[in-house]
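Chain by chain, the residues run as shown.
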Amino acid sequence: QVQLVESGGGLVQPGGSLRLSCVASRIIFRPATMGWYRQAPGKPRELVARITSGFSTNYVDSVKGRFTIDRDNAKNTVYLQMNSLKPEDTAVYYCHADLLAREYWGQGTQVTVSS
(Lines give C-alpha, C1' and ligand atoms only; values in the text may rest on other atoms or scores of the structure.)
Protein backbone atom coordinates (compact mmCIF):
# COMPACT_ATOMS: atom_id res chain seq x y z
CA GLN A 1 0.00 0.00 0.00
CA VAL A 2 1.10 3.54 -0.67
CA GLN A 3 1.28 6.07 2.14
CA LEU A 4 0.37 9.68 1.47
CA VAL A 5 2.68 12.12 3.23
CA GLU A 6 1.38 15.55 4.24
CA SER A 7 3.33 18.57 5.35
CA GLY A 8 2.87 22.29 5.88
CA GLY A 9 0.55 22.49 8.85
CA GLY A 10 1.19 24.79 11.76
CA LEU A 11 0.03 27.75 13.79
CA VAL A 12 -0.97 30.92 11.99
CA GLN A 13 -2.76 34.14 12.91
CA PRO A 14 -6.18 34.97 11.48
CA GLY A 15 -5.78 36.41 8.02
CA GLY A 16 -2.56 34.52 7.46
CA SER A 17 -1.67 31.83 4.96
CA LEU A 18 -0.39 28.28 4.87
CA ARG A 19 0.35 25.85 2.08
CA LEU A 20 -0.21 22.16 2.64
CA SER A 21 1.55 19.56 0.52
CA CYS A 22 0.88 15.88 -0.01
CA VAL A 23 3.20 13.51 -1.84
CA ALA A 24 2.14 10.12 -3.15
CA SER A 25 3.52 7.31 -5.26
CA ARG A 26 3.40 8.11 -8.96
CA ILE A 27 1.38 5.01 -9.85
CA ILE A 28 -1.31 6.11 -7.41
CA PHE A 29 -1.16 9.84 -7.92
CA ARG A 30 -1.45 10.23 -11.66
CA PRO A 31 -4.89 8.60 -12.22
CA ALA A 32 -6.34 9.65 -8.90
CA THR A 33 -8.72 12.35 -7.86
CA MET A 34 -6.89 14.01 -4.98
CA GLY A 35 -8.58 15.77 -2.12
CA TRP A 36 -8.12 17.52 1.16
CA TYR A 37 -10.44 16.77 4.05
CA ARG A 38 -10.47 18.29 7.50
CA GLN A 39 -11.84 17.38 10.89
CA ALA A 40 -12.26 19.80 13.75
CA PRO A 41 -12.80 18.62 17.33
CA GLY A 42 -16.37 17.46 17.82
CA LYS A 43 -17.23 17.83 14.15
CA PRO A 44 -17.45 15.30 11.33
CA ARG A 45 -14.77 15.06 8.71
CA GLU A 46 -15.60 17.17 5.68
CA LEU A 47 -14.31 17.49 2.16
CA VAL A 48 -12.51 20.81 1.75
CA ALA A 49 -11.28 20.65 -1.83
CA ARG A 50 -10.83 18.14 -4.59
CA ILE A 51 -8.94 18.05 -7.87
CA THR A 52 -9.30 15.41 -10.58
CA SER A 53 -6.62 14.03 -12.85
CA GLY A 54 -7.99 16.46 -15.44
CA PHE A 55 -7.52 19.44 -13.09
CA SER A 56 -11.20 19.97 -12.42
CA THR A 57 -11.72 21.36 -8.91
CA ASN A 58 -14.40 21.51 -6.25
CA TYR A 59 -14.50 23.37 -2.94
CA VAL A 60 -16.69 23.43 0.09
CA ASP A 61 -18.57 26.73 0.18
CA SER A 62 -16.86 27.95 3.33
CA VAL A 63 -13.43 28.08 1.66
CA LYS A 64 -14.32 29.30 -1.82
CA GLY A 65 -12.27 32.32 -2.76
CA ARG A 66 -9.77 31.66 0.02
CA PHE A 67 -8.35 28.19 -0.65
CA THR A 68 -6.86 26.84 -3.85
CA ILE A 69 -6.11 23.21 -4.60
CA ASP A 70 -3.57 22.34 -7.25
CA ARG A 71 -1.50 19.38 -8.34
CA ASP A 72 1.92 18.92 -9.86
CA ASN A 73 1.98 15.61 -11.70
CA ALA A 74 5.73 15.79 -12.25
CA LYS A 75 6.23 15.88 -8.48
CA ASN A 76 3.32 13.59 -7.56
CA THR A 77 2.20 16.33 -5.20
CA VAL A 78 -1.10 17.98 -4.41
CA TYR A 79 -1.21 21.36 -2.68
CA LEU A 80 -3.74 23.29 -0.69
CA GLN A 81 -2.99 26.99 -0.59
CA MET A 82 -4.93 28.49 2.28
CA ASN A 83 -5.27 32.27 2.42
CA SER A 84 -7.27 34.59 4.66
CA LEU A 85 -7.38 31.90 7.30
CA LYS A 86 -10.06 32.05 9.96
CA PRO A 87 -10.21 30.43 13.41
CA GLU A 88 -12.97 28.15 12.11
CA ASP A 89 -10.45 26.67 9.67
CA THR A 90 -8.68 25.07 12.61
CA ALA A 91 -8.67 21.32 12.09
CA VAL A 92 -6.59 18.32 11.22
CA TYR A 93 -6.23 18.27 7.45
CA TYR A 94 -6.01 14.94 5.64
CA CYS A 95 -4.81 14.18 2.16
CA HIS A 96 -6.92 11.69 0.21
CA ALA A 97 -6.44 9.78 -3.03
CA ASP A 98 -9.46 8.30 -4.79
CA LEU A 99 -8.90 5.62 -7.41
CA LEU A 100 -12.55 4.45 -7.31
CA ALA A 101 -11.47 0.85 -6.69
CA ARG A 102 -9.21 1.92 -3.85
CA GLU A 103 -8.71 4.94 -1.63
CA TYR A 104 -5.78 6.15 0.43
CA TRP A 105 -5.48 8.50 3.39
CA GLY A 106 -2.62 10.47 4.82
CA GLN A 107 -1.89 10.73 8.52
CA GLY A 108 -3.10 14.30 8.80
CA THR A 109 -1.48 17.61 9.63
CA GLN A 110 -2.70 20.08 12.23
CA VAL A 111 -3.70 23.58 11.19
CA THR A 112 -4.39 26.03 14.00
CA VAL A 113 -5.60 29.57 13.34
CA SER A 114 -5.41 31.71 16.45
CA SER A 115 -4.36 35.15 17.60
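Predicted model, so just to flag it, every value in this text is computed and none were measured. (Residues numbered from 1 in each chain as written. Predicted model: local features only at pLDDT ≥ 70, side-chain atom pairs only at ≥ 80, totals over all residues. Heavy atoms only, no water.)

S.K.: Tell me what's going on with the pairing of strand β3 (residues 18-23), and back it up with residues and numbers.
M.R.: Bridge analysis of strand β1 (residues 5-7) against β3 gives 3 bridges, and the strand direction is antiparallel. Across the sheet, the residue bridging to Glu6 is Cys22, located in β3. Alignment of β3 against strand β8 (residues 77-82), held across 6 bridges, turns out to be antiparallel. Bridging across to β8, Ser21 finds its partner in Tyr79. (Pairing = 2+ DSSP bridges. Helix = DSSP H or I, 4+ residues; strand = E, 2+ residues; numbered from the N terminus.)

S.K.: Account for unusual backbone geometry, with residues named and values stated.
M.R.: Here the phi dihedral of Phe55 falls at roughly 70°; this positive angle occurs in a residue that is not glycine. Relative to the helices and strands, Phe55 resides in the loop between β5 (46-51) and β6 (57-59). For Leu100, which is not glycine, the phi dihedral falls at a positive 70°. For Leu100, the location among the structural elements is in the loop between β9 (91-98) and β10 (103-105).

S.K.: Give a description of the sheet that holds β1 that names residues and reports values.
M.R.: The 4 strands are arranged β1-β3-β8-β7 in an open sheet whose pairing can be described as antiparallel. Each edge of the sheet is formed by a strand with only one pairing partner; in this case those strands are β1 and β7 (67-72). On average, adjacent strands in this sheet sit at an angle of 15° to one another, irrespective of strand direction. For β7 and β8, the ladder comprises 6 bridges, and the chain directions are antiparallel. Paired with Asp72 across the two strands is Thr77, which belongs to β8. (Axes fitted to C-alpha atoms, helices over the stretch in contact; angles between N-to-C directions.)

S.K.: Tell me about the nonpolar core, and please be specific about residues and values.
M.R.: Nonpolar side chains in soluble globular proteins tend to be buried together. Core analysis: the largest hydrophobic core is formed by 29 residues, its most contacted members being Met34, Trp36, Phe67, Val78, Leu80, Met82 and Tyr93. Put simply, the parts of the chain that give this core at least two residues each are β3, α1 (26-29), β4 (33-39), β5, β7, β8, β9 and β11 (109-113). In this structure, Met34 is in contact with Cys22, Phe29, Ala49, Arg50, Ile51, Ile69, Arg71, Val78, Cys95, His96 and Ala97, ignoring residues within four places of it in sequence. (Core = buried A, V, L, I, M, F, W, Y, C linked by side-chain atoms within 4.5 Å. Buried < 20%, exposed > 50% of the residue type's maximum accessible area, 1.4 Å probe, protein only. Contact = heavy atoms within 4.5 Å.)

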